[in-house]
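Coordinate inspection notes
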Amino acid sequence: DKNLVPRFTEPEKSRIILTIAQAKALMDASKDADVRALNAMVLFGGLRREEVEKLDWADVHFKTRHIHVSSSVSKVGRERFSPILPNLRQWLRPIAKKSGSIVERDLTYALRRTWKAAGIVPWPADAHRHSFVSYRRRLIGDAQTALDAGTSEVIIKKHYKRPVLKSDADKFFRIVPKKV
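Residues numbered from 1 in each chain as written. Predicted model: local features only at pLDDT ≥ 70, side-chain atom pairs only at ≥ 80, totals over all residues. Heavy atoms only, no water.

**Details of the side chain of Asp34**
Stated formally: Strands are runs of DSSP state E lasting at least two residues, helices are runs of H or I lasting at least four, and both sets are numbered from the N terminus onward. Side-chain atoms alone can form a polar contact between residues adjacent in sequence; in general such a contact is a pair of N or O atoms within 3.5 Å, and within protein one must be able to donate a hydrogen while the other accepts it. Whether two residues touch is decided by their heavy atoms; if any such pair falls within 4.5 Å, the residues are in contact.
Locating Asp34 in the fold gives a position in helix H2 (residues 33-45). Here Arg105 takes part through its side chain, which lies 2.9 Å from a polar atom of the side chain of Asp34. Residue contacts for Asp34: discarding those within four places in its chain leaves Ile102, Val103, Glu104, Arg105 and Leu107.

This is the structure:
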């Protein structure tokens, strides 16, 4: 048909995830305790930044290896338990308190300094949470990752389709603090 106008197919919007080297650099640059806790919980626990900012250390249960995200803290209003994976435990244990806010101040500028120190400029929006979901789903699948991250399988399939190798996913969740 001569009236048919060809359509340009827009490429799927790709979410940016951190490489293993970038994730390691980010955590190594996270010297401030509040910044370290926030980055570790988002990167290795799948929490949203806004959730970490509302959490209390009393919600972090090292013994049962979970972080309790209440419905009042959760972005989607649903209670969940996010796992404390072995590497997350290593990042949090030295800075953990029995109670009190995990993030005690506005971290906007501190986070920007940390990203810059890690060489991740400009910072890709939500890159650490997208990284958690992309690497975690490669290891345990969409259903459990959705539960851990407080989202749905539909959203994971729609927004978190970054292909990663299993070997890289294994390396990602083995990023731990440097021995002093």
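**Observations regarding helix H5 (residues 108-117)**
Keep this limit in mind: For every residue, the accessible area (1.4 Å probe, protein chains only) is compared with the maximum for its type, and the residue is labelled buried under 20%, exposed over 50%, or partly exposed between those bounds. The directions from the helix axis to the C-beta atoms are what the arc is built from.
Turning to H5, its buried residues are Ala110, Leu111, Thr114 and Trp115. Taken around the axis of H5, the buried residues stretch over an arc of 135°, which confines them to a single face. Exposed and facing more than 90 degrees away from the buried side of H5 are Tyr109, Arg113, Lys116 and Ala117. On its buried face, H5 sits against helix H1 (20-29), H2 and helix H3 (49-54).

**Overview of the sheet that holds strand E2 (residues 66-69)**
As a reminder of what qualifies: Strands qualify as paired when DSSP identifies two bridges or more between them.
With antiparallel pairing, 3 strands are arranged side by side in an open sheet as E1-E2-E3. Two strands in the sheet have a free side with no partner beyond their single neighbour: strand E1 (60-61) and strand E3 (80-83).

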